[in-house]
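Here is what each chain is made of, one letter per residue.
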Amino acid sequence: MGLFQKIFDSVTRKSLVYPFYPRLDGFEDPKNIGISYSSTNRQMTFTHFSGEVAIWHKGLRYSYASPYTPAEAHPDTPGDYFLYMVDGGTRVWDTIVWDLMTHTPMAFANYNNPTGISYGIRECHGFMDAETHEELHDKIGTYRKSGGLLTAGTYTVQGSTANAQVTPGTDQVVVRDEDLPTTIAAWPEGSYTRLHFISGVAVFTKASALPYPVSANTIQYNTGGTSLAVAPANNSYINVYTLYIPVTSDTESQEFRVLWLTGQGTFTSLATAQAEDLRNFNWGDLAGLLSEFVPYVQTTFRYNTTYGTTGRVRIEANPIYIAGSKSSIIGVSGVTPTTHNNLSGRTDPGCHPGSAIELTPSGTQVHTDVAASIQALYDKYPGYHDYIETVSGSAKTTFNLDYDIDAAHKMDVGIDGRDQPIEGTHWSRDIGNNQITMTEPINVGSVFKCRIYLK
């Protein structure tokens, strides 16, 4: 028996480690901790094959016989609940997420929210520094470690005659929530838990025969996370995404271990469909409903009225397996991108009007936005552009301006300070080449000047 084990066995709710590392928090052997959730009793049950469930909090070890069901039940009110340990080994259910600096996470429960939807999620982390845990959660989150492919033989690429060709299953997958691995059982084809959003509110559909929604025998997509709409035309492309969730082991929660998320756009080509970016999705209220998940599979369906499947679709190409973690796939700062550079459409016309760009006034400038400031300068000073060249090398008649000209521009041309005022007599403009051509050559050393008025 090792020395560390002897120390474990020799103390009860005490620890020789405490004086040296007072923030030793977490479960022993977390990967082998089993958790099941009862939405009827509103409680979690923890198990370990050794017959003991051991939890450390602030350097103190709390030992419980397996199976261990904390007496505390969360309220009988729909919502999201976080179970954690505080000082003295007390367990707390809270609607506010735990503080990793002072709490030891145990489990998460979504209870009857929305109505009829309940499940638990594993949060039995091992020993990890609180600051490190917080940073990993924010910047990485859950990720796939292995497995999770669509199961070979459960779908057919470009098969369009039978539903069995468009209803894939998934292989077993291992996901990690920072230090905590969870094995998610394979998902058989033919029955699915689907997810979409109506006005940003998550809608779960259990026991669906298809991984996508259908209306009037036409596949639907989730228009910007606000509503469902049918494919607009033949040869439209719509994606479905497979999400993996480290749920607890009870039968009710296992219905949510794999979710099939309806895509939020419709596309006119396979390439544009496969380029759909989950960072641009409206993820609605999912942050509160799922403490941990990772998207991994993108399946692109093509709609055509000649196809014989329900919804009149076929899987157009091999699925795309998405690399990265939850945070990198859907947005670095959570389920909705909050950093400006992570947002889409930043270069689209009208997305950054000058009137919306703040400016700090200085000197005689009084305006506080870019558009008003530019207009004030334009009104105060004549708008013009000067082109000046000293002729060198040899006499020349043609001058290449560094400005795009058109027939509407007023232009003043001069040589050595003397005006050459008459266009067509002294000079002519070449709009296509942005040039001025003089009637007579200009000698070496002379200064050519052309003032182009902008208004």
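Cut-offs applied
- Residues numbered from 1 in each chain as written.
- Predicted model: local features only at pLDDT ≥ 70, side-chain atom pairs only at ≥ 80, totals over all residues.
- Heavy atoms only, no water.
- Helix = DSSP H or I, 4+ residues; strand = E, 2+ residues; numbered from the N terminus.
- Buried < 20%, exposed > 50% of the residue type's maximum accessible area, 1.4 Å probe, protein only.
- Contact = heavy atoms within 4.5 Å.
- Areas by Shrake-Rupley, 256 points an atom, 1.4 Å probe, with all protein chains shown as cover.
- Patch = residues over 30% accessible without salt bridge, like charges linked within 9 Å, V, L, I, M, F, W, Y side chains within 5 Å.
- Salt bridge = Lys/Arg side-chain N within 4 Å of Asp/Glu carboxyl O.
- Lys, Arg positive; Asp, Glu negative; His and termini not counted.
- Charge placed at Lys NZ, Arg CZ, Asp CG, Glu CD.
- Pairing = 2+ DSSP bridges.
- Axes fitted to C-alpha atoms, helices over the stretch in contact; angles between N-to-C directions.
- Core = buried A, V, L, I, M, F, W, Y, C linked by side-chain atoms within 4.5 Å.
- Polar contact = N/O pair within 3.5 Å; in protein donor to acceptor, adjacent residues only side chain to side chain.
- pLDDT = per-residue confidence, 0-100.

Enquirer: In this structure, what is going on with the overall build of the protein? I would like to understand it.
Expert: A count of helices and strands for the protein gives seven helices and 29 strands. Counting all 455 residues of the protein, 45% fall into the buried class. Long-range pairs, those at least 24 residues apart, make up 64% of the contacts in the protein between residues at least 6 apart in sequence. Carbon and sulfur atoms make up 53% of the accessible area of the protein, which amounts to about 21,300 Å² in all.

Enquirer: Honestly, a negative patch on the surface in this entry has me stumped. Any pointers?
Expert: Negative charge collects at one region of the surface, where D99, E134, E135 and D138 lie side by side. Within the secondary structure, D99 is located in the loop between β7 (91-94) and β8 (104-111).

Enquirer: When you look at the side chain of Q420 in this model, what are you seeing that I'm missing?
Expert: Mapped onto the fold, Q420 is located in the loop between β26 (418-419) and β27 (427-430). Classification of Q420 by relative accessible area gives buried; the value is 18%. When neighbours within four sequence positions are excluded, Q420 is seen to be in contact with V413, G414, I415, H426, W427 and M438.

Enquirer: How do you make sense of the sheet that holds strand β12 (residues 180-184) when you look at a structure like this?
Expert: Pairing between the strands of a sheet comes from backbone hydrogen bonds, and it takes one of two forms, parallel or antiparallel. Taking strand neighbours across the sheet as the criterion, the three strands line up as β10-β11-β12 in an open arrangement whose pairing is antiparallel. The open sheet has two edge strands with one neighbour each: β10 (142-147) and β12. Shown here is a sheet whose adjacent strand axes are inclined to one another by a mean of 25 degrees, direction ignored.

Enquirer: Just checking my understanding: could you explain the nonpolar core for this structure?
Expert: As a rule of thumb, soluble globular proteins bury nonpolar side chains together. Y119, F204, Y244, W283 and L286 are the most contacted members of the largest nonpolar core, which has 56 residues in total. Residues I55, Y68, W93 and C124 belong to the second largest nonpolar core, which totals 21 residues.

Enquirer: How should the sheet that holds strand β1 (residues 26-27) be read in this particular structure?
Expert: Strands sit in the order β1-β4-β5 across an open sheet of three strands; the sheet is antiparallel. Strand pairing shows two members of the sheet lacking a second neighbour, β1 and β5 (60-65), which therefore form its edges. As defined by bridge partners, strand β4 (residues 52-57) adjoins β5 across six bridges and the pair is classed as antiparallel. Paired with W56 across the two strands is R61, which belongs to β5.

Enquirer: Quick question: what am I supposed to make of the pattern of salt bridges here?
Expert: When charged atoms on two side chains of opposite charge get close, those side chains can pair. Counted by the stated rule, this structure contains 12 salt bridges. Among the ionic pairs, D277 bridges to R279, the shortest N-O distance being 2.8 Å. With a relative accessible area of 23%, D277 lands in the partly exposed category. For the salt bridge of D412 with K410, the shortest nitrogen-to-oxygen distance reads 3.2 Å. Of the residues examined, D412 reaches a relative accessible area of 32% and is grouped as partly exposed. K410 gets classed as partly exposed once you look at its relative accessible area, which sits at 48%. Connected through shared salt-bridge partners, E28, E52 and R61 make up one network.

Enquirer: Is there a simple way to think about the side chain of R176 in this case?
Expert: With respect to the element layout, R176 can be found in strand β11 (residues 173-177). Here R176 is buried and forms no salt bridge, its nearest opposite-charge partner D179 lying at an N-O distance of 6.2 Å. Separated by 3.0 Å, the side chain of R176 and the backbone oxygen of D179 make a polar contact. Setting aside residues no more than four positions away along its own chain, R176 makes contact with G141, T142, Y143, K145 and P181.

Enquirer: Would you mind going over unusual backbone geometry with me for this structure?
Expert: Residues other than glycine predominantly adopt negative phi, and peptide bonds predominantly adopt the trans conformation. Cis rather than trans, the peptide bond between S66 and P67 has omega equal to 0 degrees. Within the fold, P67 resides in the loop between β5 and β6 (79-85). Put simply, N113 and P114 share a cis peptide bond, and its omega is -5 degrees. As for its position among the elements, P114 is in the loop between β8 and β9 (119-122). The phi dihedral of K58 falls on the positive side, at around 50 degrees, and the residue is not glycine. In this structure, K58 sits in the loop between β4 and β5.

Enquirer: Even after reading the chapter, I still don't get the environment of N163, so can you show me in this structure?
Expert: For N163, the position within the fold is in the loop between β10 and β11. Judged by its relative accessible area of 30%, N163 is partly exposed. C-alpha of N163 to C-alpha of A209: the two residues are 46 residues apart in sequence and 9.2 Å apart in space. N163 has contacts with L210, T309 and T310, leaving out every residue within four places of it along the chain.

Enquirer: Quick question: what am I supposed to make of the pairing of β27 here?
Expert: Side-chain positions along a regular strand alternate between the two faces of the sheet. Residues W427 and R429 point to one face of β27 and are all buried, whereas S428 and D430, pointing to the other face, are not buried. Bridging between β27 and strand β28 (residues 435-442) involves four bridges; their strand directions are antiparallel. What sits directly across from D430, in β28, is Q435. Adjacent in sequence and paired antiparallel, β27 and β28 are bridged by four residues, among which N434 carries a positive phi angle near 55 degrees.

Enquirer: Please clarify how the confidence of the model for the protein should be interpreted in this entry.
Expert: Detailed reading of predicted coordinates is not advised where the pLDDT is low. When pLDDT is averaged across the protein, the result is 86; 84% of the residues are at 70 or more. Counting interchain partners and residues more than four positions distant, the pLDDT-below-50 stretch residues 9-21 has 17 contacts. Considering only residues more than four positions removed or in separate chains, one finds that residues 332-339, a stretch of pLDDT under 50, has 14 contacts.

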